[in-house]
Amino acid sequence: MAVGGSEVEILKPRCDKREYRRIVLPNCLEVLLISDPETDKVAASMNVSVGYFSDPDGLEGLAHFLEHMLFYASEKYPVEDSYSKYITEHGGSTNAYTTSEHTNFHFDVNADCFEEALNRFAQFFISPLMSPDATLREIKAVDSENQKNLLSDGWRMSQLQKHLSSKNHPYHKFSTGNWNTLEAIPKSNGLDTRLELLKFYEGNYSANLMHLVVYGREDLDAIQSLVERYFSNIRNIGRSSIRFPGQPCSSEHLQILVKAVRIKQGHVLRVIWPITPSIQNYKEGPCRYLGHLIGHEGEGSIFFFLKQLGWALSLEAGEGDWNFDYSFFSVVIELTDKGHEHLEDIVGLLFRYISLLQNSGVNKWIFDELVAISETKFHYQDKFSPSHYVVNIASNMQIFPPEDWLVASSLPSKFVPSTIQKILDELTPENIRIFWESKTFEEHTDSVEPWYGTQYSVEKVTSSTIKQWITKAPNVNLQLPKPNIFIPSDLALKNVQEKVKIPVLLRKSRCSRLWYKPDTMFSSPKAYIRIDFNCPQSNLSPEAEVLTDIFTRLLMDYLNEYAYDAQVAGLYYAICDTGTGFEVIVLGYNDKMRILLETIVGRIEQFEVKPDRFSVIKESVIKEYQNFKFQQPYKQALYHCSLLLEDHTWPWSDKLEVLPHLEANHLAQFSTIMLEKTFLEFYIAGNIEPNEADSIVQHIEDILFKPTHPKCKPLFPSQHLTNRIIKLERGLCYYYPIEVLNEKDENSALVQYIQVHQDDIKLNVKLQLFALIAKQAAFHQLRSIEQLGYITALVQRNDSGVRGVQIIIQSTIKDPAYLDARVNAFLEMFESKLHEMTNEEYKSNVNALIDMKLEKHKNLREESAFYWREIVDGTLKFDRKESEVAVLRELSKEELLDFFSTYVKVDAPQRKTLSVQVYGGLHTAEYKKVVQEADTPKVCQIKDVFSFRRSRPLYGSFKGGLGHMKL
């Protein structure tokens, strides 16, 4: 078979050992082959250059619906959902997404299953089956997906921007689809949605509009052979490339100020300009340059002054929605209440900064700095999962020439001031679209967006008005950023003599303990440092927990001007509340890491409360707690589940109640008390030598514990905090019914949690094997067949070493009690499937799980997260994977069946169940009925979370009995 494809040298990172080859099949399918002999997972991604812009009028969401339908079945594999079942049972995952001009399908799977997975995947594009029954069921799934988005500000505001654009441009369209657009309206117009679906597929899915990336462990010739065998039969109808010329916004959609009502508390300002797409000059990076400057957060920036004035919480700038013919540059500012009153001043300041850029000219040193940062980032990029990698590349293939498929637009290299100036000249008052989003606009609007019901009003803003805003804006000293001191210069790899495979305890004292793990895997000039501050005073009350949270946010706030450059240069940091104190994380290039870390520790040691910043942070935390009620109902159910299971957690409602009464002086007193007694748990990994790790810890101990008047003192052994988990009752089903917090949310949710055991190698693998086998079966039955809800999942759960499994469903169709009954019915049905499983199928599942466990960590962050979990839980089983694999190899099918019968089977005497039931707006009557139900000997309703917690025994902590805390 003749295969085309000129030898193109594809630019790849210097440290990348993978091999790449571009080929073109006789059917004009363009393919990138990637060979990685070290990989454990293999993957593929097909990008079809057709998206929702191509939806026929009156069939909104058809492209997205087709994406759903291709998963069902094919002529070669007619059993419904057999593709997803095969991938899941062989350690993989599948997904797809639809954008304006692309639909992307992708999977990953264990390496030894690649050929069959590719064969099954190729059938999507050769001979899919779309049965009438499946079509109707999947319309319900699309409708359920849309239902979950209806109260999401992100979806609502995105659609509003599209709504306020030209009706004759496809940018205006609604992308998701729902029951009306895919069933009710087509039917009323005499259309059969399935026939329209087939027509859309036949007319658009052509090999010449597809780009495939295949990532395998074999050599390039072997991968090419597989691709030729399975993808050459995709038909090529010679469909011409689809372009959508013209601009989404005509003059009536410019110079507008849109006031829109948000669902959540808070205020957001979006300033948007249509611009020349930077893809046309991607090597010159015009939007990269302008986004870097306008979005900068260091001294002299717009954000620096907006923050000083107490007007803004965050600012982002850059290119947003774009294709070859149109693009938007946007500045998104999260406003404080005070900032909400100063919209005109803020827009005025933004234009003042744009004027500064005009007057300063395009600076080569700034461009060169961006080039240096981009080159380091590209050449020293971490490996990440093959599935993400192939998706990124497949979506680049239609847009960029082959030599730039890997790098895309991430590496500006040509300094052409006129290109940057052209975009800058488009950021004018004449070209502006302002979207101002706030709950305060309720009852002050006159229009409603049709798809999501967003209330809004539009007024014209002339350039002369904006010029007045510029004139009256505060007179502050806006400046360009200074040179970035955090750009790494030393990228050499340290020569660590001791090649330890797992973390070692390098030092311990009454003040701290240091776990150290040199980089023996990644050959990368990066390090990872994590410090857990165990502070007994941090969670004694709701007030203490809230003040700890504000303390960490204030530290981040104080560091921002100084450390923003570090993040730009690839050195990241975070300080966050943990429930037992707080933690500091620093990761990235090790060259300047110590400077940043010592600055952070210095700020902790010298912490003081600035009343103006306290007020801003407090306001933002209050809104965050208020917005908890707008979370998806399934997330609320997971929160209630954690609240019921964790012995020492405070409910969000208590924290929200105490928040308004807390003032700056409370934090000043509290922070001193909190830090007075603490224990530091260090994890230092990566390109750092052991003596340097030791020296870092010694230096931090010297700062915090050693001065004449130390900020911190060591904990007594009796003071160490641990997380303890509630032990459920054997043979008893607890259920906790509660109403959704936002009465306008029609979605209900269920989390049925089955608690199994405390960390034990043999029980772990039995649970994991059950979850692997049951995962796709649960999805197929509860989501695909019964169509209970778009969000349906069976996943494992691990609370501080206490293991179990949970089934999650979100639904508008049925109430949670019904969902709970259906989960039990599924488990009863699944029991027979387990018994019917052949020995070959059983062995195949065991081998898939072994392959998943032996999968190597891709990068330092992933490896560190794995080891940190062992440290924080106190389990310290750093060789967990190897131990579990050894047990798995000996595990019999009978042992798995016995596990199911003992712990999972409905009505099993050992079964421990907690069913959290969140009742949405459509199921209020069912909620009122269920709370009146009397308990039975095996079913018990939880009426009060805290009475329940107090009444139950606890699992022991791994940080207790084994003496891991003894120093």
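Residues numbered from 1 in each chain as written. Predicted model: local features only at pLDDT ≥ 70, side-chain atom pairs only at ≥ 80, totals over all residues. Heavy atoms only, no water.

> How should I be thinking about the sheet that holds strand β27 (residues 939-941) in this particular structure?
By definition, the strands of a sheet pair up through backbone hydrogen bonds, in either a parallel or an antiparallel sense. Strand order in the open sheet formed by six strands is β24-β25-β23-β26-β22-β27, with mixed pairing between adjacent strands. A single partner strand is all that each edge strand has here, and the edge strands are β24 (792-799) and β27. Neighbour-to-neighbour, the strand axes of the sheet open up by a mean angle of 20 degrees, direction not taken into account. Alignment of strand β23 (residues 748-758) against strand β26 (residues 912-919), held across seven bridges, turns out to be antiparallel. Paired with Y753 across the bridge in β26 is L914. (Pairing = 2+ DSSP bridges. Helix = DSSP H or I, 4+ residues; strand = E, 2+ residues; numbered from the N terminus. Axes fitted to C-alpha atoms, helices over the stretch in contact; angles between N-to-C directions.)

> Quick question: what am I supposed to make of the sheet that holds strand β9 (residues 256-260) here?
The strand order β11-β12-β10-β13-β9-β15-β14 describes an open sheet built from seven strands, whose pairing is mixed. Strand pairing shows two members of the sheet lacking a second neighbour, β11 (312-322) and β14 (447-448), which therefore form its edges. Pairing between β11 and strand β12 (residues 327-335): eight bridges, direction antiparallel. Residue pairing for β12: A317 is matched across the bridge by V331. Packing against the sheet, helix α5 (residues 153-163) makes contact with β9, β10 (267-275), β13 (433-438) and β15 (455-460), and its axis sits at approximately 145 degrees to β13. (Contact = heavy atoms within 4.5 Å.)

> What is the right way to look at the UniProt feature "domain: Peptidase M16 middle/third" (unreviewed entry) in the protein in this model?
UniProt's feature table lists "domain: Peptidase M16 middle/third" (unreviewed entry) at residues 378-657, given in the numbering used throughout. Within residues 378-657, the helical portion is 38% and the strand portion 18%, while the C-alpha atoms at the span's ends are 47 Å from each other. (UniProt positions renumbered as here; feature names shortened; annotations may be inferred.)

> Honestly, the packing of aromatic side chains in this entry has me stumped. Any pointers?
Centre distance and the angle of the planes are the two values used to describe a pair of aromatic rings. On inspection of all chains with the given rule, the structure shows 47 aromatic pairs. Linked through ring pairs, F71, Y83, F105, F107, F121, F124, F125, Y201, Y205 and F231 together constitute an aromatic cluster. One residue, K727, lies across the ring of Y955, its end atom 5.0 Å from the ring centre. For R797, the ring lying beneath its charged end belongs to Y753, and the centroid distance is 5.6 Å. (Phe/Tyr/Trp six-rings, centres within 6.5 Å; stacked < 30°, edge-to-face > 60°. Lys NZ or Arg CZ within 6 Å of the ring centre and 35° of its normal.)

> Which parts of the structure should I look at to understand the confidence of the model for the protein?
Caution applies to low-pLDDT parts of the model: their predicted coordinates are not meant to be read in detail. In this model, the protein carries a mean pLDDT of 96, and residues with pLDDT of at least 70 account for 99%. Note on residues 961-967: pLDDT is under 50 here. Beyond four places in sequence and across chains, it has 12 contacts. (pLDDT = per-residue confidence, 0-100.)

> What exactly am I supposed to notice about the nonpolar core here?
General note: in soluble globular proteins, nonpolar side chains tend to be found buried as a group. Within the largest apolar cluster, 94 residues are counted, with the highest numbers of intra-cluster contacts made by F582, L667 and L914. In terms of residues, this core owes the most to one element, helix α17 (residues 542-568), which gives 13 residues. Once residues within four sequence positions are removed from consideration, L914 is found in contact with C641, L644, L645, L728, Y734, V751, Q752, Y753 and I942. Grouped together as the second largest cluster of nonpolar side chains are 74 residues, C113, F114, Y230 and C249 included. (Core = buried A, V, L, I, M, F, W, Y, C linked by side-chain atoms within 4.5 Å. Buried < 20%, exposed > 50% of the residue type's maximum accessible area, 1.4 Å probe, protein only.)

> Would you take a moment to explain unusual backbone geometry for this structure?
Trans is the prevailing form of peptide bonds, just as negative phi is the prevailing case for residues other than glycine. Positive phi is not limited to glycine here, since D81 has a value of about 65 degrees. Here D81 shows up in the loop between β4 (73-74) and α2 (82-89). Overall, the relative accessible area of 6% leaves D81 in the buried class. The backbone of A408 sits at a positive phi, close to 50 degrees, despite the residue not being glycine. On the secondary structure map, A408 appears in the loop between α14 (386-397) and α15 (417-424). The buried category is assigned to A408, whose relative accessible area is 13%.

> How should the side chain of D565 be read in this particular structure?
In this fold, D565 is placed in helix α17. Buried within the structure, D565 lacks any salt-bridge partner; K482 is the closest side chain of opposite charge, at an N-O distance of 9.0 Å. Within polar-contact distance, the side chain of D565 engages the side chain of H296 at 3.3 Å. Beyond its immediate chain neighbours, meaning those up to four positions away, D565 contacts H296, K482, P483, N484 and F486. (Lys, Arg positive; Asp, Glu negative; His and termini not counted. Salt bridge = Lys/Arg side-chain N within 4 Å of Asp/Glu carboxyl O. Polar contact = N/O pair within 3.5 Å; in protein donor to acceptor, adjacent residues only side chain to side chain.)

> Just to check I follow, could you spell out the packing of α17 against helix α19 (residues 611-626) for this structure?
Each pair of packed helices can be described by the angle between their axes along with the distance between the axes. Two elements in contact, α17 and α19, have axes whose closest approach is 10 Å; the angle formed by their N-to-C orientations is 125 degrees. Taken together, the axis directions place α17 and α19 in an arrangement best described as oblique. For α17 against α19, the interelement crossing comes out right-handed. Across the interface between the two elements, V546, D549, I550, R553, L554, D557 and Y558 of α17 pack against R613, F614, I617, S620, V621, E624 and Y625 of α19. A class-by-class count of the residues in the contact of α17 with α19 yields eight nonpolar, one polar and five charged. (Parallel < 35°, antiparallel > 145°, perpendicular 65-115°, else oblique. Left-handed = near helix turned anticlockwise from the far one by under 90°. Nonpolar A, V, L, I, M, F, W, Y, C, P; charged D, E, K, R; others polar.)

> What is the right way to read the packing of helix α25 (residues 816-836) against helix α29 (residues 893-904) from this model?
Between α25 and α29, the least distance of the axes is 11 Å, while the angle of their chain directions is 165 degrees. With respect to each other, α25 and α29 are oriented roughly antiparallel. In the packing of α25 onto α29, the handedness of the crossing is left-handed. Between α25 and α29, the residues in contact are L827, F830, E831, L834 and H835 and K893, L896, L897, F900 and V904, respectively. Split by residue class, the contact of α25 with α29 holds seven nonpolar, one polar and two charged.

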